[in-house]
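Understanding the architecture of this molecule
This is what each chain is made of:
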Amino acid sequence: MKRLKIRATCLLLFLLMSSLLGGAQSLAADKELKIKIDEGYNGKIKSGRGYPIKVTLTNDGPDFSGDMLASFASAENMGGARAVRIDLPSGLTKTYEVSLPGYNEHMYNPYQQNRAGIITVYEGDWKKGKKAKLSGKNQLRPNLISQDEVTIGLLSENPDRMVALKLATISGRSSHVVDLAKESVPAEAEGLDFFDYIVVDDFPLTVLSEEQQAAVLKWVEEGGILLAGGTAKSPSQGWGLLEPMLPLAIERAGEIKDLSFLTMQEDEKLAAESLAIREGTLRNGAEAINTVEHRPIVAMKQAGRGEVWQTSFSLGEEPLSSWPSYSKWLGSLLSKSYDISSGIYSEGVYPSLYHSIGSENELFSASQISPLFLVIVMVIYLILAVPVLYVILKKKDKREHAWWIIPALSVLVSTLIFGIGAKDRIASPRLAESGIFKADGEGGLNGVYAASILTNRGGDYQLSLPKDGFDGVPAYDVQDITADNSVKLAVIGESVQTNDYHFRNVEFWSTRSLVGNAGMKDKGQFTIDLNQKEKKLTGIIENQFSFDFEETFLWTGREVINLGPLKRGGTISVSRQLSRNFMTGPAEGHDLYSHVTGANALRLKKEVMADAILNLGLTKQGKTNEPIIFGFTKADLMKADLKGKKEKNERLSLIFQSFKAEGDIRGAFSLKNESLKIDLDAIDGSVVETMDSYNQIGLENGTYEVAFTLPEQLDLAKASFDSITFDTLGYAFLEVWILDQTNNQFVQIAGGRDELEDRPERFVSSKGEIKVKMAKNAP
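Residues numbered from 1 in each chain as written. Predicted model: local features only at pLDDT ≥ 70, side-chain atom pairs only at ≥ 80, totals over all residues. Heavy atoms only, no water.

Below, the discussion takes up empty space enclosed by the protein. Evaluation of the coordinates by the stated rule reveals two cavities of 30 Å³ or more. The calculated volume of the largest cavity comes to roughly 50 Å³. Residue lining of the largest cavity: Glu-433, Ser-434, Gly-435, Phe-437, Tyr-449, Ala-635, Asp-636, Leu-637, Met-638, Arg-651, Leu-652 and Ser-653, and that is the complete set. When residues of the lining of the largest cavity are traced back to their parent elements, those giving at least two are β22 (430–439) and β36 (648–658). In the lining of the largest cavity, the residues fall into six nonpolar, three polar and three charged. (1 Å grid on protein atoms, 1.4 Å probe; cavity = no way out; pocket = protein on both sides within 12 Å on 5 of 7 lines; lining within 4 Å. Points joined across faces, edges and corners; volume = space filled by probe spheres on them. Helix = DSSP H or I, 4+ residues; strand = E, 2+ residues; numbered from the N terminus. Nonpolar A, V, L, I, M, F, W, Y, C, P; charged D, E, K, R; others polar.)

Next up, the structure:
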């Protein structure tokens, strides 16, 4: 009877377990989500550039709540995953958009089937939740477009009118145009990094969400180029948040009949006899590129590190849209702001930032133990351990205790030395911050930033920064980051006001870093009132920033002058002798602390940051050739917070601002290459290598135009020119012409060393520009 009961009980348990297991299997099956991924723009991305992805999830089971992680690997030592919160009720389909940092084409791994990233979904929080089963491909496999193609995003209600844009050649490179709509504009600036340009033609930006408009604005401030056409429909197109950035304030409708600014070749017949425009006035800081009948037709204004170009006419209107030479004119216009060397670097902006300031930022200061201290400690130890200990133990007849006293004394001394040397690393984690920012003169700062953590023990660390102020990528002291393992190293989440960087399973005494673009509003500016007479510079500089500078400098050409500290609200009276009787933009070959001898870690860091101004191209805007004032501050600009830790901070930021040098240049002088701003534009051909440190550039066979811009301080109305000298020795396959500004004709220059002395002023434009055409024909 007992056996029957036992069997019955076992049967009931078996049926119950089977029911539970079946229910669990059914529940697991119900938790499966269908996934579909759209990468980049029409499935395409550009190496080293940020891009958006759209992940569509379908839930055919019960309600689902959890986190989605999108992993990425931007370089061999950079990567992580972005976290997105998911709430997906039963029976619904939702699309989630995420912007990822640039993917390096050299990171492609044949064993990973060219996998650029992986999508993982967790039920519940990603830290503790379980992976959900996904039906469909969860791997990112975008197509890469050529680095040589110029990428353009087109916002137009009728993109067919802009066929000429799609046929345009920009600095010798073909264009890849993407037709954008409201739905395809990402809400994060990082997703727009794919584009070299964004062109707006009869498209009201106010139809975009505030987040999308803010993304476009931030993309420009971080170095993007926006071309805005005048609307053909109404005086006000609806520019939304971008309205203050536009160089022209449109006032009324008008018409122009002089269309010579559109002429691309001699005796060219234009498309029409007149052109409808929207007349406007230049805003503060804007520059007229083309003027007709005293009215600005094409204008440009700098915005952060980027530029906004604007035409007073609609870009897609007839008769321009059907004019055969219109694509050539558009290409020429866009070429004026294109960085021709941008296509030769495929690793993207983040590796460049890491090598320029990130790696240096990881060199934390440490407690120093002097050799003299070590000698004294060792002498005292030897005295205590040998004669003193011997005498004491002999006197007390306890010499048998020497076997443990001597080792204990050794451990004590070693612990003392270790504690003194490592006290900074043991007590608390360290946080180092470095930033390089350009002041726009209107209170804004825009530039690059790096933050590094040095751990004092193993575990997880969370570094939080303002959401609107910084976009960064995690970096590590390892060199094998892939899409597979990056999610195990760092996860980027967000709260209401911050982006949170979660570094996972960090080792004891290890570093983790962030590098990226950063920007701030309402921080202040320098007020600069300097005047130069011959080689004497006088005037004042006022600090209207909300913080102090421990050192300030003036940088002109290769000359850097230390002006001393500058307190908040304070002024510096300048009375200095310069080496030249004119000032120009910064040039390589400077020495920040030439008067200081001896090694100093802080001075070396400042030298590296000053070099990064040029290495990262932070001063390359427009064709200005202006000196700068810069200073170093330890102010807490970024408000970085190491959550749950009492970290020790080391902060250093460099802030610079350009200015126009006032004063007359008198007497004879020579201008050499380092005194000129040089811009290269390819008519046909491309750059294969740049060596900025040696002022050299490698070019393919082709035709190029080079513009040399004279110092801003030079008053062309009063200046007279004796000669212009060219030296082409060693370049047998190079032909050179110089543009005669009086008749718009190129004059060929003889090979070798040639000196133009016949009215050389005719080769200088009213804006101080000398234009040269070169043809390379190497076999």
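Let's pick the thread back up.
Relative to the helices and strands, Leu-537 resides in strand β30 (residues 536–543). A C-alpha to C-alpha distance of 9.7 Å links Leu-537 and Phe-582, two positions 45 residues apart in sequence. Apart from residues lying up to four places away in sequence, Leu-537 is in contact with Leu-530, Asn-531, Gln-532, Leu-554, Val-574, Ser-575, Arg-576, Leu-578 and Met-583. (Contact = heavy atoms within 4.5 Å.)

What follows deals with the pairing of strand β42 (residues 734–740). Most of β42 is tucked away, with five of its seven residues classed as buried. Direction of pairing for β42 relative to strand β45 (residues 769–776): antiparallel, over a ladder of five bridges. Across the sheet, the residue bridging to Trp-737 is Lys-773, located in β45. Bridge analysis of β42 against strand β43 (residues 745–749) gives five bridges, and the strand direction is antiparallel. In the sheet register, Val-736 faces β43, and the bridge partner there is Ile-749. From the end of β42 to the start of β43, which pair antiparallel, there are four residues, and Asn-744 there has a positive phi angle of about 60 degrees. (Buried < 20%, exposed > 50% of the residue type's maximum accessible area, 1.4 Å probe, protein only. Pairing = 2+ DSSP bridges.)

The strand order across the open sheet built from eight strands is β13-β14-β12-β15-β16-β21-β20-β19, with neighbouring strands paired in mixed fashion. Strand pairing shows two members of the sheet lacking a second neighbour, β13 (169–170) and β19 (286–292), which therefore form its edges. In terms of strand pairing, strand β12 (residues 150–156) meets strand β14 (residues 173–180) through six bridges, oriented parallel. Bridging from a neighbouring strand, Ile-152 pairs with Val-177 of β14. The strands touched by helix α3 (residues 210–221) are β15 (197–201), β16 (225–228), β20 (295–303) and β21 (306–311); relative to β21, the strand with the most contacts, the crossing angle is about 110 degrees. (Axes fitted to C-alpha atoms, helices over the stretch in contact; angles between N-to-C directions.)

Our focus in this paragraph is the confidence of the model for the chain. Residues shown with low pLDDT carry predicted positions that ought not to be read at fine detail. Confidence in the prediction of the chain, expressed as mean pLDDT, is 83, and 86% of residues score 70 or more. For the chain, the element scoring lowest by mean pLDDT is helix α1 (residues 2–30), at 40; strand β34 (residues 628–633) scores highest, at 96. Low pLDDT, under 50, characterises residues 1–30; the stretch is placed with three contacts to residues that sit more than four places away or in other chains. (pLDDT = per-residue confidence, 0-100.)

Their axes nearest at 10 Å, the elements helix α5 (residues 349–361) and helix α8 (residues 601–615) cross at an angle of 160 degrees. In terms of their interaxial angle, α5 and α8 are classed as roughly antiparallel. For α5 against α8, the interelement crossing comes out left-handed. Residue-level inspection shows Ser-356, Ile-357, Glu-360 and Asn-361 of α5 in contact with α8, the latter providing Lys-605, Val-608 and Ala-612. Among the residues forming the contact of α5 with α8, the class breakdown is three nonpolar, two polar and two charged. (Parallel < 35°, antiparallel > 145°, perpendicular 65-115°, else oblique. Left-handed = near helix turned anticlockwise from the far one by under 90°.)

Among the secondary structure elements, Leu-602 is positioned in helix α8. With a relative accessible area of 36%, Leu-602 lands in the partly exposed category. In sequence terms Leu-602 and Leu-652 are 50 residues apart; their C-alpha atoms lie 9.4 Å from each other. Excluding residues that lie within four positions of it along the chain, Leu-602 makes contacts with Glu-550 and Leu-652.

Another point: α8. Side chains that are three or four residues apart share a direction in an α-helix, a result of its 3.6 residues per turn. The end-to-end C-alpha separation of α8 is 20 Å, in line with the 21 Å expected for 15 residues at 1.5 Å each. Taken as a whole, α8 has its buried residues at Lys-605, Lys-606, Glu-607, Met-609, Ala-610, Ala-612, Ile-613 and Leu-614. Buried residues along α8 sit in contact with α5, β22, β31 (549–556), β34 and β36. A positive phi of about 70 degrees marks Gly-617, the residue just after α8. (Expected span 1.5 Å × (residues − 1).)

For the rest of this paragraph, the subject is the packing of aromatic side chains. Per the counting criterion, the structure on display carries 20 aromatic pairs. Pairing Phe-508 with Trp-509 gives two aromatic rings, centres 4.8 Å apart and planes at 15 degrees, and the pair type is stacked. Among the aromatic side chains, those forming a connected cluster through ring pairs are Phe-261, Phe-313, Trp-323, Tyr-326 and Trp-329. A cation over an aromatic ring shows up here: Lys-645 above the ring of Tyr-461, its NZ or CZ 4.6 Å from the ring centre. Across the ring face of Trp-737, the terminal group of Lys-773 is positioned such that the distance to the ring centre comes to 5.4 Å. (Phe/Tyr/Trp six-rings, centres within 6.5 Å; stacked < 30°, edge-to-face > 60°. Lys NZ or Arg CZ within 6 Å of the ring centre and 35° of its normal.)

Take helix α4 (residues 326–335) next. By the criterion of burial, α4 is predominantly enclosed, with eight of the 10 residues buried. Looking at α4, one finds that the buried residues are Tyr-326, Ser-327, Trp-329, Leu-330, Gly-331, Leu-333, Leu-334 and Ser-335.

According to the stated counting rule, one finds 32 salt bridges in the structure shown. Between Glu-251 and Arg-252 there is a salt bridge whose closest N-O contact spans 3.0 Å. For Glu-251, a relative accessible area of 44% corresponds to the partly exposed category. Residue classification places Arg-252 among the partly exposed residues on the basis of a relative accessible area of 46%. Several salt bridges share partner residues, and in doing so they unite Glu-251, Arg-252, Glu-279, Glu-293 and Arg-295 into one network. (Salt bridge = Lys/Arg side-chain N within 4 Å of Asp/Glu carboxyl O.)

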